[in-house]
Structures are given as structure tokens and as C-alpha cells.
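Secondary and tertiary structure notes
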Amino acid sequence: MLTQRCHGRVIGALVGCTALVLSVTGTASAQGRHHTPARHAAPDLGRQVLPANDGWASSGTGTTGGSAADAAHVHTVTTWAEFKAALAAGGNTPKIIKVKGVIDAVAEGCDAFAAPGYDFDAYLAKYSPEAWGLDTDLAAEPDGSPEGLRRVSAANQDKAIKANVPSNTTIVGIGRGAGFKGVSLQIKAVDNVILRNLSFESPIDCFPQWDPTDGDKGNWNSEYDTAVVYGATHVWLDHNTFTDGAHPDSAAPTYFGMLYQQHDGELDIVRGADFVTASWNVFSDHDKTILIGNSDSESTAAGDRGHLRTTFHHNLFANLVERAPRVRFGQVDSYNNHFVADSDYAYSFGIGKESKLVAEHNAFTLPKGVSAAKVLKRWNVSPLTAADNYVNGVKTDLIAVHNAQIPAETLESGAGWTPTLRTKVDPAKSVPRIVDCGAGAGRLG
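Owing to the predicted nature of the structure, the values given are computational and were not obtained by experimental measurement. (Residues numbered from 1 in each chain as written. Predicted model: local features only at pLDDT ≥ 70, side-chain atom pairs only at ≥ 80, totals over all residues. Heavy atoms only, no water.)

Each helix and strand counted, the protein chain has eight helices and 34 strands in total. Taken over the C-alpha trace, the protein chain has a radius of gyration of 23 Å; the compact-globule value for 445 residues is 22 Å, and the two agree within 12%. Classification of the 445 residues of the protein chain by burial places 52% in the buried group. The long-range share in the protein chain, meaning contacts at least 24 apart out of those at least 6 apart in sequence, stands at 74%. Accessible area of the protein chain: about 18,900 Å², with a carbon and sulfur share of 53%. Each charge class in the protein chain can be summarised by its mean position, and for the 38 positive and 48 negative side chains these summaries are 9 Å apart. (Helix = DSSP H or I, 4+ residues; strand = E, 2+ residues; numbered from the N terminus. Rg over C-alpha atoms; globule rule 2.2 N^0.38 Å. Buried < 20%, exposed > 50% of the residue type's maximum accessible area, 1.4 Å probe, protein only. Contact = heavy atoms within 4.5 Å. Areas by Shrake-Rupley, 256 points an atom, 1.4 Å probe, with all protein chains shown as cover. Lys, Arg positive; Asp, Glu negative; His and termini not counted. Charge placed at Lys NZ, Arg CZ, Asp CG, Glu CD.)

So, about the sheet that holds strand β33 (residues 389-391). Strand order in this open sheet of ten strands is β5-β8-β11-β16-β21-β24-β27-β30-β33-β34, and the pairing throughout is mixed. What marks the edges here is a single partner per strand, and that holds for β5 (102-104) and β34 (394-396). Direction aside, neighbouring strands of the sheet carry axes that sit 20° apart on average. Relative to strand β8 (residues 179-181), β5 runs parallel, the two sharing three bridges. (Pairing = 2+ DSSP bridges. Axes fitted to C-alpha atoms, helices over the stretch in contact; angles between N-to-C directions.)

This next bit is on the packing of aromatic side chains. Tallied over the full model, the rule gives 28 aromatic pairs. Look at Tyr-118 and Phe-207: their rings are 5.5 Å apart centre to centre, the planes differ by 85°, and that puts the pair in the edge-to-face class. Note that Tyr-118 is positioned in the loop between β5 and α3 (120-127) and Phe-207 in the loop between β11 (199-201) and β12 (209-211), a separation of 89 residues in sequence. Measuring from centroid to centroid gives 5.6 Å for Trp-220 and Phe-256, while their planes differ by 15°, and the two rings are stacked. Taken as a pair, Trp-220 in strand β13 (residues 219-221) and Phe-256 in the loop between β17 (254-255) and β18 (258-259) lie far apart in primary sequence, 36 residues in all. (Phe/Tyr/Trp six-rings, centres within 6.5 Å; stacked < 30°, edge-to-face > 60°.)

An order of β6-β9-β14-β19-β22-β25-β28-β31 is seen for the eight strands of this open sheet, with the pairing classed as parallel. Of all the strands in the sheet, just β6 (162-164) and β31 (376-378) have a single pairing partner and so form its edges. Bridging between strand β9 (residues 184-188) and strand β14 (residues 227-230) involves four bridges; their strand directions are parallel. Within the sheet, the bridge partner assigned to Ile-187 lies in β14 and is Val-229. Helix α2 (residues 80-88) contacts β6 and β9 of the sheet and is inclined by roughly 25° relative to β6.

It is worth spelling out helix α7 (residues 398-405) at this point. Side chains three or four residues apart in an α-helix point the same way, a direct result of the helix having 3.6 residues per turn. Among all positions in α7, only Leu-398, Ile-399, His-402 and Asn-403 are buried. Projected onto a plane normal to the axis of α7, the buried residues spread over an arc of 125° and lie on a single side. The inward-facing, buried residues of α7 contact β30 (363-365), β31, β32 (385-387), β33 and β34. Put simply, Asp-397 is the residue that caps the front of α7, since its side-chain oxygen is 3.2 Å from the backbone nitrogen of Ile-399. (Arc of directions from axis to C-beta. Polar contact = N/O pair within 3.5 Å; in protein donor to acceptor, adjacent residues only side chain to side chain.)

The next thing to look at is the pairing of strand β19 (residues 267-270). Both faces of β19 are covered, namely the face carrying Leu-267 and Ile-269 and the face carrying Asp-268 and Val-270. The pairing of β19 with strand β22 (residues 290-292) spans three bridges and is parallel. Considered in β22, the bridge of Ile-269 is made with Ile-292.

Extensive coverage of strand β20 (residues 274-279) is indicated by the burial of six of its six residues. Pairing between β20 and strand β23 (residues 310-313): four bridges, direction parallel. In the sheet register, Ala-278 faces β23, and the bridge partner there is Phe-312.

Let us look at the state of the cysteines. Taken as a whole, this structure holds one disulfide when the rule is applied. At a sulfur-sulfur separation of 2.0 Å, the disulfide partner of Cys-110 is Cys-206. Between Cys-110 and Cys-206, the disulfide has an S-S torsion of -70° and is therefore left-handed. You can see Cys-110 sitting in the loop between β5 and α3 and its partner Cys-206 sitting in the loop between β11 and β12, a full 96 residues away along the chain. Taking the relative accessible area as the measure of exposure, Cys-110 reaches 23% and is therefore partly exposed. You can call Cys-206 buried: its relative accessible area is 8%. (Disulfide = S-S within 2.5 Å.)

If you walk through the whole model with that rule in mind, you get 18 salt bridges. Between Asp-426 and Lys-424 there is a salt bridge whose closest N-O contact spans 3.4 Å. Residue Asp-426 is classed as buried on the basis of its relative accessible area, which comes to 9%. Ionic contacts of the salt-bridge type, sharing partners, join the residues Asp-143, Glu-147, Arg-150 and Arg-151 into one network. (Salt bridge = Lys/Arg side-chain N within 4 Å of Asp/Glu carboxyl O.)

With their axes 9 Å apart at the nearest point, α3 and helix α5 (residues 146-161) run at an angle of 135° to one another. Here α3 lies oblique to α5, going by the angle between them. Considering how the two elements wind past one another, α3 and α5 form a crossing that is left-handed. Within the contact between the two elements, α3 uses Ala-122, Tyr-123, Lys-126 and Tyr-127 and α5 uses Pro-146, Glu-147 and Arg-150. Its residues placed into classes, the contact of α3 with α5 shows four nonpolar, no polar and three charged. (Parallel < 35°, antiparallel > 145°, perpendicular 65-115°, else oblique. Left-handed = near helix turned anticlockwise from the far one by under 90°. Nonpolar A, V, L, I, M, F, W, Y, C, P; charged D, E, K, R; others polar.)

The following block contains the structure:
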């Protein structure tokens, strides 16, 4: 479980940089009993836009979301039904949706989606390796079979928990503690979207599919990313928190000797998506976290080449297993992020097909026994730039360390491009303090 620290002090949801400043202000006011300090209205986060030069999402037309919304298209929502109605109102007309409290798309539990007659015990009995084997998948199973009923149940959940975000939309949490549980936001084939100050508890797949042919032992496969940027452009994700919350993988059972996987990714940027900035977010307690480009195949490569341009800065990646992010094709700029690993750590940056990753001025906090060579993982031969990165407070050449310890997966230096869309770049040694203090939901306004 993630515990953030600010200036050496443990901070939770209600204590942080802002609280420290307020405590000082309050003391000063008490000393001057006859002076009433001026009160300034909290900024309207819904009207704020991405600053100039702040990552790839500032390119071209920039990212303004729904900041131009008129009064009729500013909504405050507290329920899943209200949220989906607000998304649909006015089509692509600029809109601001203010989320108050936690909206749970699966409040009634998984049983609400189950098809009549679906029985998980019957599913396990029929498709166990002993009964079914490992040579045939379940694609041909009829509708009335346990797999057929699972498919219907999964379709029910899919329809219930996904929400399509239109163009020119800002979704923002009000105060602290606003966000979603069990929701999959679909930012698909649209332009100009902002998500800020929201906490997301990753959706769980109520009906994972068993695939006997996945690997040599079979595997459970799940659906539902928390947020999917699919063919969309100009998207800004800022000061959000993504976590598995009450349903960590560590608490999941095993069936047929394999983890009953109920989570997919926290953020996917795929299918020709472009001009994305992710800043000051927390990504924590998850396995396969962020995917940029979802396939090596030529059918998807044609739409991904020259796209998937994404910036990550001042994010906290904590207690993750892998994909922070895994990159195919995209020009990805990752700077001033803090990566905190635990014993389950596999890697941070996945170097995939034709990726052009620049990873600079980042900080890594690794536990004893975990080598800096694990920070980079080569999936394909794609040159990258990795300069001025610090591991446990020591400046480290990540490529050199990787190549020395994992010579079978030699990495090449030089991504072939230089990022220009950056605002302030902080010294890498200061990144843990700055990011741990400022990243995540509840730190704005």
C-alpha cells in the first residue's frame, strides 16, 4: 500500500503541501487578532487549460477541454447515472463535469451482471486442465455452456461500466476524495479532453476468461482499463490517482494454479492516439500499468507510426510490477518522475517496437537487492535516450548498467529526437521530495 511522504513527514489524503501552508497561515493570523486576512476564492479547476509548452498535449491547438463551456453545460454529478447523462448532454459542445464524492459503477456487486444460470463452480469444473486439457481454447463453446454464459455476463458488465467521453470535455474532482470506482473511461476517437483531481480505483473484471492455450499452463485474461485513450488527440491527465484500492492482486485467489487476474491496465494510449500529457499523477499498486501502442502487428503499426506522442512528468509510480510505461512506436518524453519499487518489481520502461523513448531527470527508489539494471526492459531493439537519472540518490547510467548486467538484451543509446515541449525541469535529486509532496488527487485548489 502506498504511503507518500512530504518533507520527511508521512502524508495521507488530508495532509500535504497545501495543509502545511494552511497551518502556517493559520498561526500567522492568530498572532494578529485584529487583522482579518483577505480570502481568495478557490480556483475553478474546470476553467483551467493546459499551459503552453507543457508536454505533447500542448502541441498544435493545445488542450483546453471544456473550459469554454457555458453555464448550461457545467454539471455537478454524484451518481453514475448523472455522470453518463452529463457526458451525453450536448454532444461535443464544450462541457465541464464536476465530480462530487466517489461514484461507484459496480455498487450492486458482480452478481448484478451475471447471466441467468451462470455458475462459476460449474465453469471451473468444466474447464479445469484435468477435464478440458490445455490444447483447445473456448472460442467455439456454445451460448448455453458455462463459457457462453460467462460471455453474456461479461457483455453485461462491459455495457454497464464503460463511459464514452466526448470531445471538448473537462472532468474534474471537487475537493478531496472525488473520483470513481469500477469505471472504465473510454476517450475514443475524440479531441481535447482533460481529467484532473480524480481518484480512480481500477475496475475489476467480474468474469475473467480462462484460456487453456495461453502459455504452457493456461492463463486467466481480464478486460477493462481504468482509462483508455484510443485514437484520441490532445488529452491532459493531471493530478489524478490510479490504484487497485480494495482489490489488490495480492488478495486475488488462484485457480488451476494461476492467479485469477481481474485487472487490466490503469492507462492505455493506443490505436493512433496522439498528443497526450500525463502530469502530477500517482500510479500505484498495480501490475501491468501503462501501455503505449498495443501491438507489434503491421495492421496496427500503420496507424501508430508517427503518433502516440506522449509526455510523462512529475508522476509518482509506486509499487508497480511493470509498464511505467511499455512503449511501442511513440515518441515518449518521461522526465522528473519518481519510481518507487517493492519486491515484486519487474521493470519500469519497456522498450518496444520502433519506440523512441527519452527518459531524463528521473529518480528511482529501489529496495535492497533490486538492481538498477531492471529499470529498462528490452522487448525490441529500439534506441533510447536515458540521461541524468538517479537511483537511490546516485546518478546512474541506466543503459550502461543494463547492458553490463543483462548483455543478452543490449540496449542502444540515442532516441533520435530532443524534447522541446517542457516547462520547468527540476533537478533529478530533488524529484522524490517534489513529486511525493505534490502528485495525486486532492492536491489542487
